[in-house]
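Spelled out, the chains give:
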Amino acid sequence: MADLSNGMPRFGSSIGQGLTRRDGELKVTGAATYAADNHPPGMLHAVLAVSSIARGRVLALDEAAARTHPGVVEVMTPRNVPKIARDPDQVGEILTFKMELLQDDSVRYAHQPIAVVIAQTLEAATEGAALLAPTYLAEPVQVGLDAPGRFVPERVGVGELPVETAGGEIEAALDSAVRRIEAVYETPEQYHNPIEPHAIVAEWQGERLVIDTPNQGLGVARQRIAGLLGMDPEHILIRAPFLGGGFGSKFVISGPQVLGILAARLVGRPVKLVLRREQMFGPVGHRSATRQTLRLGARADGTLAALDHHTLTASSRFDDYYEPSSSISHTLYATGALRTHYEAVRLDIGTPIYMRAPGEASGSVALEAAVDEMAEACGMDPLAFRLANHAEREPISGKPFSSKELRRCYAAGAERFGWQGRPLAPRQMRDEQDFLLGWGVGTATFPTRMFQAEATVELRRDGTALVETGAIDMGQGAWTALAQLAADSVCLPLGLVELRMGRSDLPPGGIAGASAQTATAGSAIHAAGADAIAALAALAMADPGSLLFGADNAGVSAQDGRLVRRDDPGVSESFATILDRAGLASISGHGQSAPPPGAQDPFARHAHGAVFAEVRVDPELGQVRVARLVGAFAAGRIVNPRMVESQYRGGMIWGVSFALHEHALLDRRSGRPMNPNLAEYHVPVNADLPSIEAILVEEHDPHVNAIGTKGVGEIGITGTAGAVVNAIWHATGVRVRSLPVSLDQLLPGLPLAAG
């Protein structure tokens, strides 16, 4: 029922239902249309030629050989690339990065695009690209965090975080601490590998540009493309109804996608360009390596006196993005003195960008491992230590949390996992095969963000509703969750609600990133539904022919497609009757959402959780297997528990991948990725994760946003990687501080069978 007495509806029956995906049948039957599934008439295929060096210049390309290949139509190089209106290294719009668009012969990283071959078939374009046989003038490359030239960047993250934050006298607090630890933790480069690579189908229709491409923020992408091409954004249509994963790599438009647009302009025909898997390792971003130094000091009672978190990270030589790993320490543990700070080096690599839980994922694994080491130094159970240092207010800001059920997450997860009775010392547990067992815990947290978004809701005379917003579903379930929110906002059954999204000509739907899509687009839909119901109610209450005429003072409620007098629930009229009598086919409402007021926000807004991990370690070989994971999370109002559990499990899987699998290897001589494929760039498979359980802890948050929801997509990573690393120590007694954990790092503790 929607109660309009206060101008906003209460939620109806769709919220909280574990409904299956509305788009599920399309996906499992192959009917869902992804970008590369589009084939406009006359379409040609484009293939990138990419550099095999990481720094230098392209001296020559054998264009003649490529052009003589049967089926090749054109070769696009710096010599003939269509002119653009803005230098691609000039950025200014929000969330933009520098990109390579064949403006010169320079090479800034391995796998940089250096030419585009356009042909009648994919095979001809691929063979033509190979025939280009580039020659180079190579220069010495710089890769790895030990490279010279350390500096302090101006800002970190998306330019919004200060490079140093401090509260209290950190050195004095460390000096006075009864117990201290200092440890260095390293995380590797990780590359985006969604199942759908970056792709584009571009078609010029006169001065109008129609694009099919996977992108997490259609409004931002359209503005960036329009700026580069000198176009009116209204003349650009981007369609992205389905994304096969994004994880941040599709947060912004990338160079290869713009090259597909320029290729289509060059040949005057539609062009499709799809990155090969190895081409994902370079031009579309990655998570940079980090080296994090944590110094912790504790008092005699086990409470933290000081926490100092320093991060060394890397960016490219030509752009600025710095993984904000230290910032995780701002929010989790109460401490007398707190400092976070950064340094960086510039390398001959593609620019790092956002990758799932940017900063939080890499920072939390170091923080959670350090907290475990501090608990050991204090002789305390790791969970008891975390409870003793639970922050009642956000440590860095002193603000109250909008809500925080972390203690209940600890309790629910520990009970389900069976944490009670865990031996304090390592190497005390064995399974039936005499493998070493270890149990570890990690605290999960992720900030609750929102972007600007708009939505429209149209109530139609046939009893249905149309909802429009330019939101994106990249697999998280937005097609279903946003429809549920829409149905409840107008109090109609879900089956009577039509949702349109995934196009740039719809009201801007914000960005599907930072775990903010549901809060962002959902709040706009919520407001639009309330606006439509209010307009319908005003129409009825002003109509002498309506049973609701004159009910202004008492107000009305919406229920099951009807408006009901609040002072006499037996008096009601259907939406259809009200519209029919007024001679209207429909009535509309508009809504919008906006982020909270920055520094003036009175609350700290975060989701929280706790992850418990059990690992099995072969005492002779050191092979590690995760036996089970239990995660308990609190994230405000749950729109669809089935999909929320799926997101939590996906996050925990990524956490295991972070701890044990993912590691991009760069050749230090050439700067080239040595494992740019899914055979050698390892990610978990089903056999790696026999048991994963997600617990939804109830949480009510009246402050976080209009619909009370928090993000769920990324938080699972932040607790899991640390829990796995801590469990490995508990099983083996070996502290591994460089990820991913590998057999050779456990060798000093082998053979583990003895003792």
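A brief structural summary. (Residues numbered from 1 in each chain as written. Predicted model: local features only at pLDDT ≥ 70, side-chain atom pairs only at ≥ 80, totals over all residues. Heavy atoms only, no water.)

Some remarks on the overall build of the chain
Right, on to step 1. The secondary structure content of the chain amounts to 15 helices and 32 strands.
Right, on to step 2. Taken over C-alpha atoms, the radius of gyration comes to 28 Å for the chain, in line with the 27 Å a tight globule of 755 residues would show.
Right, on to step 3. Viewed in the frame of its principal axes, the chain has a C-alpha envelope of about 85 × 75 × 50 Å.
Right, on to step 4. The buried share among the 755 residues of the chain stands at 62%.
Right, on to step 5. A fraction of 80% describes how many contacts in the chain between residues 6 or more apart in sequence connect residues 24 or more apart.
Right, on to step 6. Summed over its atoms, the accessible surface of the chain is roughly 27300 Å², and 51% of this surface lies on carbon and sulfur atoms.
Right, on to step 7. A gap of 1 Å separates the mean positions of the 66 positive and 84 negative side-chain charges of the chain. (Helix = DSSP H or I, 4+ residues; strand = E, 2+ residues; numbered from the N terminus. Rg over C-alpha atoms; globule rule 2.2 N^0.38 Å. Buried < 20%, exposed > 50% of the residue type's maximum accessible area, 1.4 Å probe, protein only. Contact = heavy atoms within 4.5 Å. Areas by Shrake-Rupley, 256 points an atom, 1.4 Å probe, with all protein chains shown as cover. Lys, Arg positive; Asp, Glu negative; His and termini not counted. Charge placed at Lys NZ, Arg CZ, Asp CG, Glu CD.)

Describing the pairing of strand E13 (residues 199-205)
Right, on to step 1. Judged by how many residues are buried, E13 sits mostly within the fold: five of seven residues are covered.
Right, on to step 2. With four bridges connecting them, E13 and strand E16 (residues 271-274) associate as antiparallel partners. Each residue of the ladder has a partner; that of Ala 199, found in E16, is Val 274.
Right, on to step 3. As paired elements, E13 and strand E14 (residues 208-212) share five bridges and run antiparallel to each other. Counterpart to Gln 205 in the pairing with E14 is Arg 208. (Pairing = 2+ DSSP bridges.)

Observations regarding the nonpolar core
Right, on to step 1. Ranked by internal contacts, the top residues of the largest apolar core, which has 55 residues, are Val 116, Leu 209, Ile 225, Leu 229 and Ile 261.
Right, on to step 2. Ignoring any residue separated from it by four or fewer positions in sequence, one finds Leu 209 in contact with Glu 203, Trp 204, Ile 225, Leu 229, Met 231, His 235, Ile 236, Leu 237 and Ile 261.
Right, on to step 3. By size, the runner-up hydrophobic cluster in this structure holds 46 residues, among which are Ala 532, Ala 537, Ala 551 and Ile 578. (Core = buried A, V, L, I, M, F, W, Y, C linked by side-chain atoms within 4.5 Å.)

Looking at empty space enclosed by the protein
Right, on to step 1. If you walk through the whole model with that rule in mind, you get four cavities of 30 Å³ or more.
Right, on to step 2. Estimates place the volume of the largest cavity at around 220 Å³.
Right, on to step 3. Lining the largest cavity are 23 residues; nearest its centre among them are Phe 97, Lys 98, Met 99, Ser 254 and Pro 283.
Right, on to step 4. Split into classes, the residues belonging to the lining of the largest cavity amount to twelve nonpolar, eight polar and three charged.
Right, on to step 5. In this model, the second largest cavity occupies a volume close to 70 Å³.
Right, on to step 6. Residues of the lining of the second largest cavity, tallied by class, amount to seven nonpolar, four polar and one charged. (1 Å grid on protein atoms, 1.4 Å probe; cavity = no way out; pocket = protein on both sides within 12 Å on 5 of 7 lines; lining within 4 Å. Points joined across faces, edges and corners; volume = space filled by probe spheres on them. Nonpolar A, V, L, I, M, F, W, Y, C, P; charged D, E, K, R; others polar.)

A short note on the layout of surface pockets
Right, on to step 1. Of the pockets and cavities examined, the second largest pocket occupies roughly 710 Å³.
Right, on to step 2. As for the second largest pocket, its lining consists of 35 residues, of which Pro 188, His 663, Leu 665, Leu 739 and Pro 740 are closest to the centre.
Right, on to step 3. Of all the secondary-structure elements, those providing two or more residues to the lining of the second largest pocket are strand E11 (179-187), strand E18 (290-298), strand E31 (624-634), helix H13 (641-660) and helix H15 (743-746).
Right, on to step 4. Split into classes, the residues belonging to the lining of the second largest pocket amount to 16 nonpolar, eleven polar and eight charged.

What about the packing of helix H7 (residues 360-377) against helix H14 (residues 715-732)?
Right, on to step 1. Where H7 contacts H14, the two axes come as close as 8 Å, and the packing angle between them is 40 degrees. Classed by the angle they form, the pair H7 and H14 counts as oblique. Pair H7 / H14 crosses with right-handed handedness. Residues Glu 360, Ala 361, Ser 364, Val 365, Glu 368, Ala 369, Asp 372 and Glu 376 of H7 form the contact with H14, whose own contacting residues are Ile 717, Thr 718, Ala 721, Gly 722, Val 725, Asn 726 and Trp 729. (Axes fitted to C-alpha atoms, helices over the stretch in contact; angles between N-to-C directions. Parallel < 35°, antiparallel > 145°, perpendicular 65-115°, else oblique. Left-handed = near helix turned anticlockwise from the far one by under 90°.)

Some remarks on helix H5 (residues 218-229)
Right, on to step 1. The end-to-end C-alpha distance of H5, which contains twelve residues, comes to 16 Å, matching closely the 16 Å that a straight helix rising 1.5 Å per residue would cover.
Right, on to step 2. The element H5 is extensively covered by neighbouring structure, given that ten of its twelve residues are classed as buried.
Right, on to step 3. Buried within H5 are the following residues: Leu 218, Val 220, Ala 221, Arg 222, Arg 224, Ile 225, Ala 226, Gly 227, Leu 228 and Leu 229.
Right, on to step 4. The elements touched by buried residues of H5 are E13, E14, strand E15 (236-239) and helix H6 (255-267).
Right, on to step 5. With its phi angle positive at about 70 degrees, Gly 230 sits one or two positions after the end of H5. (Expected span 1.5 Å × (residues − 1).)

Some points on unusual backbone geometry
Most peptide bonds are trans, and most residues other than glycine sit at a negative phi.
Right, on to step 1. Pro 740 follows Leu 739 through a cis peptide bond whose omega is 0 degrees.
Right, on to step 2. Within the element layout of this structure, Pro 740 appears in the loop between H14 and H15.
Right, on to step 3. Although it is not a glycine, Arg 427 sits at a positive phi angle of roughly 60 degrees.
Right, on to step 4. With respect to the secondary-structure elements, Arg 427 resides in the loop between helix H9 (406-417) and strand E21 (429-430).
Right, on to step 5. Arg 427 sits in the partly exposed class, given a relative accessible area of 23%.

Some words on the packing of aromatic side chains
Right, on to step 1. Under the counting rule described, the total for this entry stands at 17 aromatic pairs.
Right, on to step 2. Considering the side-chain rings of Tyr 191 and Phe 281, the 5.0 Å spacing of their centres and the 25 degrees angle between planes classify their relative orientation as stacked. Taken as a pair, Tyr 191 in strand E12 (residues 190-191) and Phe 281 in the loop between E16 and strand E17 (286-287) lie far apart in primary sequence, 90 residues in all. Just as Tyr 191 is buried, Phe 281 falls in that class too.
Right, on to step 3. Taken together, the aromatic side chains of Phe 97, Phe 251, Tyr 321, Tyr 354 and Phe 451 make up a single cluster linked through ring pairs.
Right, on to step 4. The positively charged end of Arg 108 is found above the aromatic ring belonging to Phe 318, 3.9 Å away from the centroid.
Right, on to step 5. Against the face of Trp 204 rests Arg 265, its NZ or CZ located 4.0 Å from the ring centre. (Phe/Tyr/Trp six-rings, centres within 6.5 Å; stacked < 30°, edge-to-face > 60°. Lys NZ or Arg CZ within 6 Å of the ring centre and 35° of its normal.)

Description of the packing of helix H10 (residues 478-489) against helix H11 (residues 517-541)
Right, on to step 1. Running from amino to carboxyl end, H10 crosses H11 at an angle of 25 degrees, the nearest separation of the two axes being 8 Å. As far as their axial angle goes, H11 and H10 are roughly parallel. The hand of the H10/H11 crossing is right-handed. Judged by residue contacts, Ala 478, Leu 482, Leu 485, Ala 486 and Ser 489 of H10 engage Gln 517, Thr 518, Ala 521, Gly 522, Ile 525, His 526, Gly 529, Ala 530 and Ile 533 from H11.

What to know about the sheet that holds strand E10 (residues 164-167)
Right, on to step 1. Pairing is mixed in the open sheet, where five strands are placed in the order E10-E20-E19-E18-E11. Both edges of this open sheet fall to E10 and E11, since each of them pairs with a single strand only. For this sheet, the mean angle separating the axes of adjacent strands, direction not counted, is 10 degrees.
Right, on to step 2. For strand E19 (residues 304-316) and strand E20 (residues 337-347), the ladder comprises eleven bridges, and the chain directions are parallel. Residue His 309 lies in a different strand from E20, and its bridge partner there is Thr 340.
Right, on to step 3. Seen against the sheet, H7 touches E11, E18 and E19 and runs at an angle of roughly 150 degrees to E11.

Shape descriptors only; they carry no functional weight alone.
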